[in-house]
Amino acid sequence: MRKQFRMQLDLFVTARPVDLSDTQRREALTLLQLLLTEAAAKLAGKRFADGGKEAGNE
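Reading the values: the criteria
Residues numbered from 1 in each chain as written. Predicted model: local features only at pLDDT ≥ 70, side-chain atom pairs only at ≥ 80, totals over all residues. Heavy atoms only, no water. Helix = DSSP H or I, 4+ residues; strand = E, 2+ residues; numbered from the N terminus. Buried < 20%, exposed > 50% of the residue type's maximum accessible area, 1.4 Å probe, protein only. Areas by Shrake-Rupley, 256 points an atom, 1.4 Å probe, with all protein chains shown as cover. Salt bridge = Lys/Arg side-chain N within 4 Å of Asp/Glu carboxyl O. Patch = residues over 30% accessible without salt bridge, like charges linked within 9 Å, V, L, I, M, F, W, Y side chains within 5 Å.

Enquirer: Can you walk me through the overall build of the protein in this structure?
Expert: Looking only at helices and strands, the protein features one helix and zero strands. Buried positions account for 0% of the 58 residues belonging to the protein. Counting only carbon and sulfur atoms, one obtains 58% of the accessible surface of the protein, whose full area is about 6700 Å².

Written out as structure tokens, the structure reads:
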């Protein structure tokens, strides 16, 4: 009999959930927000330097 569903492993999930304190969770979220903001600023700066053109499938 054929299996109806296949489980796909997620490479970014640890084998055991991590218990974070409220302070650790806030610090992690703040760091993530900072990193995402920096990445967005770099991307926007690169687009501005390239004349606003996006790379695409041309």
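Enquirer: So what exactly am I meant to see when it comes to the pattern of salt bridges here?
Expert: Close approach of charged atoms allows side chains of opposite charge to pair. Applying the stated criterion across every chain, the model contains one salt bridge. A salt bridge links aspartate 22 to arginine 25; the shortest N-O distance between them is 3.8 Å. Of this pair, aspartate 22 and arginine 25 both sit in helix H1 (residues 22-49), three residues apart, roughly one helical turn.

Enquirer: Please explain a nonpolar patch on the surface as it appears in this structure.
Expert: There is a patch of nonpolar side chains on the surface, built from Leu29, Leu32 and Leu36 and spanning about 310 Å² of accessible area. Topologically, leucine 36 is positioned in helix H1.

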